[in-house]
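Residue-level structure breakdown
Here is what each chain is made of, one letter per residue.
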Amino acid sequence: MNWEQLLSLKRYGDINKRLRKEQDETRLGFEVDYDRIIFSSEFRSLQDKTQVIPLSQTDFVHTRLTHSLEVSVVGRTLGRKVGAKLIEKYPHLQTIHGYQANDFGAIVAAAALAHDIGNPPFGHSGEKAIGEFFKTGQGLQYKSQLTAKEYQDLCDFEGNANGFKIVTESRSGKEGGLRLSYATLGAFTKYPKESLPKKPTSHIADKKYGFFQSEKNLFLDVATELGLLKTGSKTDCSFARHPLTYLVEAADDICYTIIDFEDGINLGLIQEEFALEYLINLVKHSINSKKYNKLSTTQDRVSYLRALAINTLIQEAVEIFLDHEEDILNNNFSTGLLDKSKYEAQINDIINISIKNVYKSQEVIDKEIVGYKVISTLLDVYSAAVINKSLNQASNYDALLLKSIPELNFSESNSTYQKLLGVCHYVSLLSDSQAILKFKKIQGISL
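Residues numbered from 1 in each chain as written. Predicted model: local features only at pLDDT ≥ 70, side-chain atom pairs only at ≥ 80, totals over all residues. Heavy atoms only, no water.

Some points on the nonpolar core
Let me state the cut-off plainly: Only buried residues count toward a nonpolar core. Its members are Ala, Val, Leu, Ile, Met, Phe, Trp, Tyr and Cys residues joined through side-chain atoms within 4.5 Å. The cut-offs for exposure are 20% and 50% of the maximum accessible area for each residue type, with area from a 1.4 Å probe on protein chains only; residues under the lower value are buried, those over the upper are exposed, and the others partly exposed. Counting from the N terminus, the helices are the DSSP runs of H or I reaching at least four residues and the strands are the DSSP runs of E reaching at least two. Here a residue-residue contact requires only that any non-hydrogen atoms of the pair lie within 4.5 Å.
Within the largest apolar cluster, 93 residues are counted, with the highest numbers of intra-cluster contacts made by Trp3, Leu78, Leu244, Leu282, Phe321 and Leu337. Top contributing element to this core by residue count: helix α15 (residues 298–323), with 12 residues. Aside from chain neighbours lying at most four places away, what touches leucine 337 is Tyr246, Leu247, Ala250, Ala317, Ile320, Phe321 and Ile328. One finds Ile130, Ala161, Ile405 and Tyr417 within the second-largest nonpolar core, a separate group that totals 40 residues.

Written as structure tokens, this is what we have:
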């Protein structure tokens, strides 16, 4: 792979090539990507979607929205630092094509901003609830009407693939969705493969999948434009990662590792003394003990340590990327950047205590129980209404539901797969509160 192609400014529907040296320096194409994401309704709904702690009334705790903004900030710094070094290494990118170091930061920032945009309500348990509806629930009845890959899309419903659908899906009067640059779409796609075969290799890019069958042709166009390396067999749609994806992933890893830990301490789920014990090896070279000892509140002390820890891991991720840049371009780098970090043991210690004290806390478990029930009920009722209508067997109740949700009135030309995926997509766009409200209405316990 080469950077000239990987930094493509092409957007869906373009006829003429977009050249970097002809861009308006006051508002670059990659910066337009960021703006389009942040003004989208799907991004705004992340303010009411669970990061870890559900439906919390405290402003200490991160939602998907605040998490995405923080990941974007970290990603921008990672991209700029890497970009500065790559411009030095490949000066023709600047002298001939006009690319600047900050372009890398703008691409990573936009992709990172959107990285959770496809997550359903109730966090990762929401993904599992959708999948289990089709694997073992009422959705199993539709298996015979789907291809193997279509069925796998539903059984392993993936927030990353749903995110790709959100930012690219055409609607009436809105062809190509948000029409992001292909460079940003490439950096956004952590798992550039379809749902089958599952985990064909141990490469991190094969861990999950990144697009549904409904967006397969569009992703092929993106991959071709960017010059992503083809992997896997001739019959499978699988590609190497866009190199900047590693920076998007690192930004996410840095934020959830350190900030979920911080949330746990601020909520009293993790004792404050653990903060210094677990973070000290990350910050011992940069901590100002005199300043630290002057801080009078737990929140201020933990905030100070968190800032230093994030900065340490940013520097580490940049060094690892640059050390392995050629391997990454040739698809010979098979792990996340921080998996190669000298701080891997410390990172794992922090994650393990967060798993024990935060992710497996009673509050989170209760949220997951509620989430399973809410999502399975919505899928059951909406799927039945949509399929019954297509068979001319819709009940009065089905008709009432479809009148209240025009998004689910699909064309008769839509396949069963498109209809079922459309239902999943609709449910995934609901915030936690919206999903609970619709569940209560369906159960007849709220108006």
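Focus: the layout of surface pockets
Heads up, the condition is: Every definition here rests on a 1 Å grid over the protein atoms only: cavities are sets of points where a 1.4 Å probe fits but cannot get out, pockets are open sets enclosed by protein on both sides within 12 Å along at least five of seven lines, and lining residues have some atom within 4 Å of a point. Grid points are joined across faces, edges and corners, and a volume is the space filled by probe spheres set on the points. When residues are grouped by polarity, Ala, Val, Leu, Ile, Met, Phe, Trp, Tyr, Cys and Pro land in nonpolar, Asp, Glu, Lys and Arg in charged, and all others, Gly among them, in polar.
Considered as a void within the structure, the second largest pocket measures approximately 840 Å³ in volume. In this structure, the second largest pocket is lined by 26 residues; those nearest its centre are Glu169, Arg171, Glu407, His425 and Leu429. Secondary structure elements with two or more residues in the lining of the second largest pocket: α3 (41–44), α9 (159–168) and α20 (416–429). The greatest single-element share of the lining of the second largest pocket, amounting to six residues, is contributed by α20. When the residues that make up the lining of the second largest pocket are grouped by side-chain class, the tally is seven nonpolar, 13 polar and six charged.

What about unusual backbone geometry?
Look at the link from leucine 196 to proline 197: it is a cis peptide, with omega at 0°. Note that proline 197 resides in the loop between α10 (182–188) and α11 (216–226). One non-glycine residue, arginine 179, adopts positive backbone phi at about 50°. Mapped onto the elements, arginine 179 comes out in the loop between α9 and α10. Relative accessible area serves as the criterion here: at 23%, arginine 179 is assigned to the partly exposed category. You will see that lysine 199, though not glycine, has its phi angle at about 40°, which is positive. Mapped onto the elements, lysine 199 comes out in the loop between α10 and α11.

Comments concerning the side chain of histidine 425
Checked against the element boundaries, histidine 425 lands in helix α20. A residue is classified by how much of its surface remains accessible, and histidine 425, at 10% relative accessible area, is buried. Beyond its immediate stretch of four places on either side in the chain, histidine 425 contacts Asn162, Lys165, Ile166 and Glu169.

Function cannot be read off these values alone, since they describe shape.
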